[in-house]
2 protein chains.
Amino acid sequence: MRIGELARRSGVSERSLRYYEAQGLLSAERTPGGHRDYGEWAVDRVIRIQALYAAGLNSKKIAQLLPCMRDGDGSPSDSATPRLVDELTAERERLDRLIADLVRSRDVLDDIIDTASTGLEAAPLTGSGGRPPGH
Amino acid sequence: MRIGELARRSGVSERSLRYYEAQGLLSAERTPGGHRDYGEWAVDRVIRIQALYAAGLNSKKIAQLLPCMRDGDGSPSDSATPRLVDELTAERERLDRLIADLVRSRDVLDDIIDTASTGLEAAPLTGSGGRPPGH
DNA sequence: CTAGAAGTTGACACCGGCGTCAGATTCAAG
DNA sequence: CTTGAATCTGACGCCGGTGTCAACTTCTAG
């Protein structure tokens, strides 16, 4: 598929896709004429890149992470050097902390939503009002 | 406490603390001479602000969130508008997805680290080698 | 009182992620 | 071949969060 379709399907601008490629996050075959040609795997990858950006990681860290994630087809891509293993371990710990932070933030959000919505009890116009009960 | 101490205790630069204040995220009493004077609550608040930044929220959203958090002393401050509750709920769901993604990423990382380090079994020179067993 | 540490405001700059425009090239349909 | 849509590269700029420097004021120890 070409860049326009990938952009539509992943919900990311073409600009960003080219930027990802420039950052080494996303690769593409080229048609004889030089147009980018992506496989199906690209959609998932782009979505994953987005998630990592949203998680507050920058291009460099994402670039370190991505080659180690299997892309649907299950190819483990690269095997790691000892050095890389250390770096990945460090990254894992950072991820752990990040997740813990985010969970705390989410819980804080939950508190706020609970407090606020109980304060508004009488006005359930909001439709999607209360947060889902399970958790 | 004054800005230097708050900076040390929260691990945030003085510059950022002043920036937070400019963004309406953090308030301070002033000494007669104009120096900022923070209470104990400030440390927790700054840390929370950091966590929210790390969660990918921007100043504006944090500014909307903060007045709804009770700050230690338990003052519920403002009650949220229905509109805000909806936005916060959406934000919570975004966070949920983000966390799920990150957990998956972390698990993938774990797989890679396991695979790689069992492949390197005989060379535990790396010191901080394998990932911590518990989890 | 005095010196030096610490704080104040204001400005300028950077960097990362991305929007956007321009001009050239390629692709697909007639 | 022609034409219009899609893509290419390269450049400029914005915005948010911080670093940093400058010039000045305030606080505190001696």
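Residues numbered from 1 in each chain as written. Chains lettered and ligands numbered in written order. Predicted model: local features only at pLDDT ≥ 70, side-chain atom pairs only at ≥ 80, totals over all residues.

Asker: Explain the protein's contact with DNA strand D to me, please; I cannot follow it from the model alone.
Answerer: Lining the immediate environment of DNA strand D, one finds 19 residues, of which A:G4, A:R36, B:S13, B:G33 and B:S59 sit closest. The dominant element in the surface near DNA strand D, judged by the number of residues it contributes, is helix 2 (residues 14–22) of chain B, at 3 residues. Of the residues in the surface near DNA strand D, the class split is 4 nonpolar, 11 polar and 4 charged. (Near = placed C-beta within 6 Å. Helix = DSSP H or I, 4+ residues; strand = E, 2+ residues; numbered from the N terminus. Nonpolar A, V, L, I, M, F, W, Y, C, P; charged D, E, K, R; others polar.)

Asker: Explain the nonpolar core to me, please; I cannot follow it from the model alone.
Answerer: In summary, soluble globular proteins display a tendency toward joint burial of nonpolar side chains. Of all hydrophobic cores here, the largest spans 31 residues; its most connected members are B:L17, B:L26, B:V46 and B:I49. For B:V46, the contacting residues outside a window of four places in its chain are B:L6, B:S10, B:V12, B:L17 and B:L26. Within the second largest apolar cluster, 15 residues are counted, among which are A:Y38, A:I49, A:I62 and A:L65. (Core = buried A, V, L, I, M, F, W, Y, C linked by C-beta atoms within 7 Å. Buried ≥ 20, exposed ≤ 12 C-beta atoms within 10 Å, placed from the backbone. Contact = placed C-beta atoms within 7 Å.)

Asker: What exactly am I supposed to notice about the environment of B:L25 here?
Answerer: All names here are of chain B. As for its position among the elements, L25 is in the loop between helix 2 and strand 1 (29–30). With 41 residues separating them along the chain, L25 and L66 place their C-alpha atoms 7.0 Å apart. Look past the residues within four positions of L25 in its chain and what remains in contact with it is Y20, I49, S59, I62, A63 and L66.

Asker: What should I look at first to understand the protein's contact with DNA strand C in this one?
Answerer: Around DNA strand C, 20 residues are found, and the nearest of them are A:S13, A:G33, A:S59, B:G4 and B:R36. The residue inventory of the surface near DNA strand C, partitioned by class, reads 4 nonpolar, 11 polar and 5 charged.

Asker: Can you help me understand helix 3 (residues 41–54) of chain A in this one?
Answerer: One full turn of an α-helix is made of 3.6 residues, so residues set three or four places apart face in the same direction. Residue and element names in this part refer to chain A. Over its 14 residues, helix 3 runs 20 Å from end to end, which matches the ideal 20 Å to within 8%, given 1.5 Å per residue. Buried within helix 3 we find A42, R45, V46, R48, I49 and L52. Buried positions in helix 3, seen along its axis, are confined to an arc of 165 degrees and lie on one side of it. Just beyond helix 3, the residue with positive phi is G56, at close to 90 degrees. (Expected span 1.5 Å × (residues − 1). Arc of directions from axis to C-beta.)

Asker: What is the right way to read the packing of helix 1 (residues 3–10) of chain A against helix 3 of chain A from this model?
Answerer: Helix-helix packing is characterised by the crossing angle of the two axes and by the distance between the axes. Residues and elements named next belong to chain A. At a closest axis distance of 10 Å, the pairing of helix 1 and helix 3 adopts a crossing angle of 50 degrees. Here helix 1 is positioned oblique relative to helix 3, judged by the angle of their axes. For the element pair helix 1 and helix 3, the recorded crossing hand is right-handed. Between helix 1 and helix 3, the residues in contact are L6, R9 and S10 and A42, V43, V46 and I47, respectively. (Axes fitted to C-alpha atoms, helices over the stretch in contact; angles between N-to-C directions. Parallel < 35°, antiparallel > 145°, perpendicular 65-115°, else oblique. Left-handed = near helix turned anticlockwise from the far one by under 90°.)

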